[in-house]
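Coordinate inspection notes
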Amino acid sequence: MCSRHVGRFLPYRNGLSSMPPMMRALELIGSDVENFECPRCGCHDRERHLFLFMQSLGILMRLSEMRVLHFAPERRLGEIIGQAEPAEYVRCDLMPSSPNILAVNIEQMPFGSQSFDLVIANHVLEHVRDDKEAIREIARVLAPAGCAILQTPFSPVLKQTWSDPGISSEQARLQCYGQEDHVRLYGRDIFERFEACGLIADVRHSDDMLPTIDARQAGINRLEPFMLFRLAV
Ligand SMILES: [Zn+2]
C-alpha cells in the first residue's frame, strides 16, 4: 500500500505456529498469518488483497461516480478511496478510532434505503453479533445496481456456519472461531446464508483475478477469494 520494497512481511503473532490447531484442521481461509503486516506502513495482507481486487475490477477508476460506505475503514485504503473523490464517502465503525469515522452499528444503520453504490466491509461480519441483520441492512442501503465487498474468513470443509452462545470466553473464541473477538466461523453455507438475506454472491478466485501478481511478493493469501455481492432480483 505504501509502494515500498520490504525484505519480508511480518507475521501475525507467531504466524502459523500460533494458529489454533482446530483452525488448521478446518483449513481456515482468511489472512496470510505468515506474510501479514508491512513493516513500513503497517498495512495488512487483507487490505493489500482488497486493493488489488478493486484495482483489477476497475472499481478504483469508477469511484468518482459512486456513493461509498466503508465499514472499519483501513487507513491506507481509506486514503486512496478518499483521494478518488467519490460522490459520497462515509467511513464508519461500531467504535470509531478517529473523528472522521462515524459511529454506526452495521445491524441498524442510520442511512436511507438505496443510498450507496458500494459497501465495503473487509473482515467485519465475523465480529458482528447478528450477521443476518447486518446483511439485510447492507441489502437495504444498496442502490439497485450497487455492490458490496464483504470479505470474511471461512472454513471450506465446515458444512454449516458455526456459532454457539456458550463459546463466550476469549480463549474459547480463539480456539473455535480463530480469533478472540470473532463470534462465528463461517462454513460452506456462507453464500446461502447471504442469499437468504438478499445478497447474491459473485465469488472469484484470486488467481483468476490477479494472474500477473506474485502472491508471495505482494504478501497476499491467494486462497482468499474475492467476495462480491449484488442484490437479489
Ligand atoms: Zn507498506
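Residues numbered from 1 in each chain as written. Predicted model: local features only at pLDDT ≥ 70, side-chain atom pairs only at ≥ 80, totals over all residues.

**Considerations on the overall build of the protein**
Scanning the protein from N- to C-terminus turns up eight helices and seven strands. Compactness check: the protein gives a C-alpha radius of gyration of 17 Å against a globular reference of 17 Å for 233 residues, within 12% of the reference. Restricting the contact set of the protein to residue pairs at least 6 apart, pairs at least 24 apart contribute 67%. (Helix = DSSP H or I, 4+ residues; strand = E, 2+ residues; numbered from the N terminus. Rg over C-alpha atoms; globule rule 2.2 N^0.38 Å. Contact = placed C-beta atoms within 7 Å.)

**Describing unusual backbone geometry**
For Glu27, which is not glycine, the phi dihedral falls at a positive 55°. On the neighbour-count criterion, Glu27 (12 C-beta atoms within 10 Å) is exposed. Phi is positive for Gln114, close to 55°, though the residue is something other than glycine. With respect to the helices, strands and loops of the structure, Gln114 is situated in the loop between β3 (102-103) and β4 (116-121). (Buried ≥ 20, exposed ≤ 12 C-beta atoms within 10 Å, placed from the backbone.)

**Observations concerning the environment of Pro156**
Tracing the sequence through the fold places Pro156 in the loop between β5 (142-149) and α5 (170-177). The exposure class of Pro156 is partly exposed, given the 14 C-beta atoms found within 10 Å. Each C-alpha atom of the pair Pro156 and Leu26 lies 7.5 Å from the other, and the pair is 130 residues apart in sequence. If we ignore the near neighbours within four places in the chain, the residues touching Pro156 are Glu27, Ile29 and Arg188.

**Regarding helix α2 (residues 45-56)**
If you check α2, its first and last C-alpha atoms are 16 Å apart, about what twelve residues at 1.5 Å a residue would give, namely 16 Å. The element α2 is largely enclosed, with a buried count of nine among its twelve residues. For α2, the full list of buried residues reads Asp45, Arg46, Glu47, Arg48, His49, Leu50, Phe51, Phe53 and Met54. Where α2 is buried, its residues meet α3 (75-83), β5, α7 (206-209), α8 (215-218) and β7 (226-231). (Expected span 1.5 Å × (residues − 1).)

**Points about the pairing of strand β2 (residues 88-93)**
The pairing of strand β1 (residues 67-71) with β2 spans five bridges and is classified as parallel. Within β2, the residue paired with Arg67 across the bridge is Glu88. By the bridge criterion, two bridges tie β2 to β3 in an arrangement that is parallel. Of the residues in β3, the one forming a bridge with Asp93 is Ala103. (Pairing = 2+ DSSP bridges.)

**Thoughts on the sheet that holds β1**
Hydrogen bonds between backbone atoms are what pair the strands of a sheet, whose relative direction is either parallel or antiparallel. In spatial order, the strands read β3-β2-β1-β4-β5-β7-β6; together these seven strands make up an open sheet with mixed pairing. Pairing within the sheet leaves two strands with one partner each, and these edge strands are β3 and β6 (199-204). Note that β6 and β7 share six bridges and pair antiparallel. Paired with Ile200 across the strands is Arg230, a residue of β7. In the packing of helix α4 (residues 131-141) onto the sheet, the strands contacted are β1, β4, β5, β6 and β7, and the crossing angle to β5 comes to about 135°. (Axes fitted to C-alpha atoms, helices over the stretch in contact; angles between N-to-C directions.)

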